[in-house]
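Listed below are the residues making up each chain.
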Amino acid sequence: MQYPVDTHTHTVASSHAYSTIHDYLAVAKQKGIRLFATTDHGPAMADAPHFWHFVNLRVLPRMVDGVGILRGIEANIKNRDGEIDYFGDYLSHLDIVLAGFHEPVFAPSDKATHTEAMINAIKSGKVDIITHPGNPAYPIDIEAVVTAAAQYGVALEINNSSFEVSRKGSEANCTAIAKAAKALGATLVMGSDSHVAFSLGGFDRALSIINAVDYPKDKLLNRSPMALLDFLTLRGHQTVADFIPLFRDEAF
Ligand SMILES: [Zn+2]
Ligand SMILES: [Zn+2]
């Protein structure tokens, strides 16, 4: 099955990525992706777009030729307090907020620090999805993080790129995270983390992890546009209401 929702993509606004919104729309139409989030790196990364990139995402149309575009960010978890590099009222104008650890912003240290930072980001209420929590460069106490994610209704990402181009050696951690998510009732989402449009909606490797632990597919946020939109509404994103009439009648 092709999962029709991708929550994690980068455009040319991050200069180590190579596609535009138009490129993503073209691939989405080819592959049957119905909804994707544009989530460039938060401003603390060296080659991230300027802060204004995120403020001005409101110029994007909601739908183009039947493909929905969510306005998002992949923010950086900056410190042990779990603070991120995007804040204030600006956050309420985004449809979706991802956050994760990136070496240039938060250097890897030790398991206790990573765990505390990630849990504090989860508890902050500002982050909907933690990106690549299985990154072996940042060991975490998986049970503690997954417990917090379940408690605070934050989704954990199984990042497809982690098995292909970056973060090599993520398989064991991701499998343990998926297993714990199943046991503790946490929500998982697959992200292609595309840095070029061709990989939009490519989830093969992430899916094999999810299948290996038999994580319930009816909890995967990628299963339908409405599944993700309902999740984001519950998390307080009023802006996603724009999409609900467009997708409401679709099968779950
Ligand atoms: Zn990332
Ligand atoms: Zn990313």
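The model shown is predicted, which means the values in this text are computed figures rather than measured ones.

Notes on the overall build of the chain
Counting secondary structure elements, the chain contains 9 helices and 8 strands. Computed over C-alpha atoms, the radius of gyration of the chain comes to 16 Å, within 12% of the 18 Å expected from 2.2 N^0.38 for 252 residues, which places it in the range of a compact globule. With the C-alpha coordinates aligned to their principal axes, the bounding extent of the chain is approximately 45 × 40 × 30 Å. Counting across all 252 residues of the chain, residues that qualify as buried make up 54%. Restricting to contacts in the chain with at least 6 residues of sequence separation, those with at least 24 account for 77%. Carbon and sulfur atoms provide 55% of the accessible area of the chain, an area that totals close to 10,300 Å². In the chain, the 21 positive side-chain charges and the 28 negative ones have mean positions that sit 3 Å from each other.

So, the UniProt feature "domain: Polymerase/histidinol phosphatase N-terminal" (unreviewed entry) in the chain
UniProt's feature table lists "domain: Polymerase/histidinol phosphatase N-terminal" (unreviewed entry) at residues 5–79, given in the numbering used throughout. Helix makes up 21% of residues 5–79 and strand 28%, with an end-to-end C-alpha separation of 30 Å.

Observations regarding the coordination of the zinc ion (ligand 1)
Those protein atoms acting as donors to the zinc ion (ligand 1) are Glu74 (OE), His102 (NE2) and His132 (NE2), and they sit at 2.2 Å. Of note, the zinc ion (ligand 1) draws all its donor residues from one chain, in the sequence arrangement E-x27-H-x29-H. The metal-metal distance between the zinc ion (ligand 1) and the zinc ion (ligand 2) comes to 3.4 Å, with Glu74 coordinating both. Within this pair, whereas His102 is found in the loop between strand 5 (96–100) and helix 4 (111–123), its partner His132 is found in the loop between strand 6 (129–130) and helix 5 (142–152), the two being separated by 30 residues in sequence. In this pair, the class of His102 matches that of His132, namely buried.

Here we look at the pattern of salt bridges
This structure, assessed with the given rule, holds 6 salt bridges. For Asp242, the salt bridge identified is with Arg62, shortest N-O distance 3.0 Å. Linking Asp242 in the loop between helix 8 (225–234) and helix 9 (244–247) with Arg62 in the loop between helix 2 (51–55) and strand 3 (63–64), this pair joins segments that are 180 residues apart in sequence. Here Arg62 falls in the buried class, since its relative accessible area comes to 13%.

Thoughts on the pairing of strand 2 (residues 35–41)
The buried fraction of strand 2 is high, at 7 of 7 residues. The pairing of strand 1 (residues 5–6) with strand 2 spans 2 bridges and is parallel. Paired with Val5 across the bridge in strand 2 is Leu35. In this view, the connection linking strand 1 to its parallel neighbour strand 2 by way of helix 1 (residues 21–31) has right-handed handedness.

Details of the coordination of the zinc ion (ligand 2)
Within the protein, the atoms that donate to the zinc ion (ligand 2) are His8 (NE2), His10 (NE2), Glu74 (OE) and Asp193 (OD), at distances of 2.0 to 2.2 Å. Geometry at the zinc ion (ligand 2) is irregular, judged from the 4 donor atoms that bind it and their angles of 80 to 168 degrees at the metal. Site description for the zinc ion (ligand 2): donor spacing in sequence, H-x1-H-x63-E-x118-D. For His8, a relative accessible area of 0% gives the class buried. Residue classification places His10 among the buried positions, given a relative accessible area of 0%.

What about the UniProt feature "binding site: Zn(2+) 1" (unreviewed entry) in the chain?
UniProt records the feature "binding site: Zn(2+) 1" (unreviewed entry) for His8, His10, Glu74 and Asp193 in the present numbering. Spanning 186 residues, the named residues form one tight spatial group whose C-alpha atoms are at most 9.8 Å apart. The residues touching His8, leaving out its near neighbours within four places in the chain, are Ala37, Thr39, Glu74, Leu98, Thr131, Glu157, Asn159, Gly191, Ser192, Asp193 and Ser194. Engagement of the side chain of His8 in a polar contact is seen with the side chain of Glu157, the distance being 2.6 Å. Its place among the elements puts Asp193 in the loop between strand 8 (188–191) and helix 7 (204–212). Setting aside its immediate chain neighbours within four residues, Asp193 contacts His8, His10, Glu74, His132, Asn159, Ser161 and Arg167. For Asp193, the side chain forms a polar contact with the side chain of His10, separated by 3.0 Å.

Let's talk about the side chain of Ser162
Tracing the backbone shows Ser162 in the loop between strand 7 (155–159) and helix 6 (171–184). In contact with Ser162, other than residues within four places in its own chain, are His132, Arg167, Lys168 and Ser170.

Rules behind the numbers
Residues numbered from 1 in each chain as written. Chains lettered and ligands numbered in written order. Predicted model: local features only at pLDDT ≥ 70, side-chain atom pairs only at ≥ 80, totals over all residues. Heavy atoms only, no water. Helix = DSSP H or I, 4+ residues; strand = E, 2+ residues; numbered from the N terminus. Rg over C-alpha atoms; globule rule 2.2 N^0.38 Å. Buried < 20%, exposed > 50% of the residue type's maximum accessible area, 1.4 Å probe, protein only. Contact = heavy atoms within 4.5 Å. Areas by Shrake-Rupley, 256 points an atom, 1.4 Å probe, with all protein chains shown as cover. Lys, Arg positive; Asp, Glu negative; His and termini not counted. Charge placed at Lys NZ, Arg CZ, Asp CG, Glu CD. UniProt positions renumbered as here; feature names shortened; annotations may be inferred. Donors = N, O, S within 2.8 Å, 3.2 Å for Na, K, Ca; no water. Salt bridge = Lys/Arg side-chain N within 4 Å of Asp/Glu carboxyl O. Pairing = 2+ DSSP bridges. Right-handed = clockwise from strand over helix to strand, strands pointing away. Tetrahedral: all angles 85-135°; square planar, octahedral: opposite > 155°, others 65-115°. Polar contact = N/O pair within 3.5 Å; in protein donor to acceptor, adjacent residues only side chain to side chain.

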